[in-house]
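# Report on the structure
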Amino acid sequence: MKVLLLGGTTEARRLAGMIDGEADVVTSLAGRTTEPLRPAGEVRVGGFGGVDGLVRYLRDERIDAVVDATHPFAATISGNAAVACGASGVPLLILQRPGWTAVPGDDWHRVASLPEAAGRLPRLGRRVFLTTGRQGIAHFAALDDCWFLARSVEPPAGTVPRHLEVLLDRGPFTVPAERDLITRHRVDVLVTKDSGGSDAKLVAARELGIPVLMVNRPPAPDATTVSTADAALSWLRTLGR
Ligand code: NAP
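Residues numbered from 1 in each chain as written. Predicted model: local features only at pLDDT ≥ 70, side-chain atom pairs only at ≥ 80, totals over all residues. Heavy atoms only, no water.

## Description of the nonpolar core
This is how it is decided: By nonpolar core is meant a set of buried Ala, Val, Leu, Ile, Met, Phe, Trp, Tyr and Cys residues that side-chain atoms within 4.5 Å join together. Throughout, exposure labels follow a simple rule: accessible area from a 1.4 Å probe, protein chains only, divided by the maximum for the residue type, with under 20% read as buried, over 50% as exposed, and the rest as partly exposed. Secondary structure elements are taken from DSSP: a helix is a run of H or I of four residues or more, a strand is a run of E of two residues or more, and numbering for both begins at the N terminus. Note on contacts: a residue pair is in contact if any heavy atoms of the two residues lie within 4.5 Å.
Of all hydrophobic cores here, the largest spans 20 residues; its most connected members are L5, L15, I19, V67, L95 and L236. Of all the elements in the fold, those that place two or more residues in this core are β1 (2-6), α1 (10-19), β4 (65-68), β5 (92-95) and α7 (229-240). Setting aside its immediate chain neighbours within four residues, V67 contacts V3, L4, L5, L6, L15, L93, L95, W235 and L236. One finds L121, C146, F148 and L213 within the second-largest nonpolar core, a separate group that totals 18 residues.

## A word on the environment of A141
For A141, the location among the structural elements is in the loop between β7 (127-131) and β8 (147-152). Along the primary structure A141 and P172 are separated by 31 residues, whereas in three dimensions their C-alpha atoms are 27 Å apart. Apart from the residues lying within four places of it in its own chain, the contact partners of A141 are T159, V160, P161 and R162.

## Thoughts on the site of the ligand
The line we're drawing: It suffices for a single heavy atom of a residue to lie within 4 Å of a molecule or strand for the residue to be listed as near it. Pairing of N or O atoms within 3.5 Å defines a polar contact, subject to two protein rules: one partner must be a possible hydrogen donor and the other a possible acceptor, and residues neighboring in sequence count only if both atoms are side-chain atoms. Using a 1.4 Å probe, accessible areas were evaluated by the Shrake-Rupley method; residue-level cover was limited to the displayed protein chains. Ten residue types, Ala, Val, Leu, Ile, Met, Phe, Trp, Tyr, Cys and Pro, are classed as nonpolar, four, Asp, Glu, Lys and Arg, as charged, and the remainder, Gly among them, as polar.
Around the ligand, the surrounding shell holds 22 residues, and the nearest of these are G7, S28, F48, G49 and K193. The separation between an oxygen atom of the ligand and a polar main-chain atom of T76 is 2.9 Å. Within the complex, the protein chains bury 78% of what would otherwise be the 800 Å² of accessible surface of the ligand. Breaking the shell around the ligand down by element, the ones donating at least two residues are β2 (24-29) and α3 (75-88). With four residues, α3 is the single largest residue contributor to the shell around the ligand. Partitioned by chemical class, the residues of the shell around the ligand number seven nonpolar, 12 polar and three charged.

Keep in mind these values describe shape, not function.
Right, dumping it as structure tokens:
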């Protein structure tokens, strides 16, 4: 069996390691990160060329199953995968970690998009810890009255806010380190996408009593969905039987 694993996440890397040896696995990365952590098995890098390119790839590479383990906010590739798999008759599984849920003590403000977050932000705080990834920073570029500490794996691309400090770093992060960062920079609001996974920054925000502007996930395609690499492996095994 040959599996195409649409990656770029910790879960995808973990699943590649679990599949490797049991089946052929090709992890596909978009190519946004200059030094990506390489998963086990084969790796290909770069876009397919839309739905048509992906349909061609599935056919030419004789792919038996696709696991879409991309980030919950990577909506275009997920939509393309659903359409291409439907057109090709290739089984598709979505592996997506659960989103976060507020608990007592949290002061969360949910919004539908990054532009909406930028519109709401000045009413919530002026010293902003921005953790929406480097592609998201440009949405906040017009907010001259706010100061931003933006954390991302790669330097921001495009226009950036006038008052900006960039922190290049890759998780996982711990609660004490997040608390220290927020306190040291006198941050009074956290902006994040509802990515799920490690919630250290959210715990730190709760403990320090600062509000969180939480960007909701875009809708996911209608397909079988699991939330763990173990469940994805079980699904693949049922196909292999
Ligand atoms: P996107 O907007 O959904 O995709 C834009 C285009 O990039 C797609 O149409 C596709 O090009 C190409 N692409 C995306 N993921 C790909 C993959 N795994 N393999 C091959 N081509 C891919 O994606 P994005 O939000 O820019 O995210 C890009 C990658 O970064 C994803 O793999 C995702 O898992 C990872 N990532 C994203 C975020 C986030 O917040 N969005 C956070 C962490 C990691 P073609 O149409 O030419 O095929």
